[in-house]
Amino acid sequence: MHELGITRNIVSIVEDAAKGRRVRRVTLDVGRLAGVMPDALAFCFDVVSKGTALEGAVLEIREITGRCRCRGCGAEFETSTLYQACGCGSRLLDRLAGEELKIREMELEEAA
């Protein structure tokens, strides 16, 4: 389960950026084509954040729909797989969205 390693990295990045302040909320963008299971990230987050500045923080995951543009006909369309063909039959596609895996924002407590 690579989500555990990914979650460890997310917690580490956010904790470093928080500079000792408590984290209330973390929002992630996770593309449906990224090969990451949002439910597994959420499960791992609760475990990995224990004993850190993120313990008790709310994890929000925004799932990003896959979108492609066909190089042949220029059509843009949603896709749920990396291997979908365009309606014109072409498989020469540029991925526009859906492979994201990034920390969108975090909410911190006020400094004392």
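Just above sits the structure.
Since we're looking at a predicted model, the values are computed, not measured.

Each value, and the rule that gives it
- Residues numbered from 1 in each chain as written.
- Predicted model: local features only at pLDDT ≥ 70, side-chain atom pairs only at ≥ 80, totals over all residues.
- Heavy atoms only, no water.
- Helix = DSSP H or I, 4+ residues; strand = E, 2+ residues; numbered from the N terminus.
- Rg over C-alpha atoms; globule rule 2.2 N^0.38 Å.
- Buried < 20%, exposed > 50% of the residue type's maximum accessible area, 1.4 Å probe, protein only.
- Expected span 1.5 Å × (residues − 1).
- Contact = heavy atoms within 4.5 Å.
- Salt bridge = Lys/Arg side-chain N within 4 Å of Asp/Glu carboxyl O.

(A) Up close: the overall build of the protein. Regarding its fold elements, the protein presents two helices and six strands. Starting at the N terminus and ending at the C terminus, the protein contains elements arranged as α-β-α-β-β-β-β-β. What you see for the protein is a C-alpha radius of gyration of 17 Å, clearly larger than the 13 Å of a compact globule of 112 residues, by over 25%. When its C-alpha atoms are laid out on the principal axes, the protein stretches across 60 × 30 × 15 Å. Within the protein, the fraction of its 112 residues that count as buried is 35%.

(B) Focus on helix H1 (residues 2-18). In this model H1 runs 24 Å from its N-terminal to its C-terminal C-alpha over 17 residues, within 8% of the 24 Å that 1.5 Å per residue would give. In the core, the buried residues of H1 are packed alongside strand S1 (23-31), helix H2 (38-48) and strand S6 (101-108). The positive-phi residue at the C-terminal boundary of H1 is Lys 19, with phi of around 50°.

(C) Quick look at the pattern of salt bridges. For the structure shown, the criterion picks out 11 salt bridges. Notably, a salt bridge pairs Glu 107 with Arg 25, separated by 3.2 Å at the nearest N-O pair. Taken as a pair, Glu 107 in strand S6 and Arg 25 in strand S1 lie far apart in primary sequence, 82 residues in all. Overall, the relative accessible area of 17% leaves Arg 25 in the buried class.

(D) Region of the structure containing the side chain of Glu 3. Relative to the assigned elements, Glu 3 resides in helix H1. Those residues in contact with Glu 3 that lie beyond four places of it in its chain are Gly 35, Val 36, Met 37, Ala 40, Leu 41 and Cys 44.

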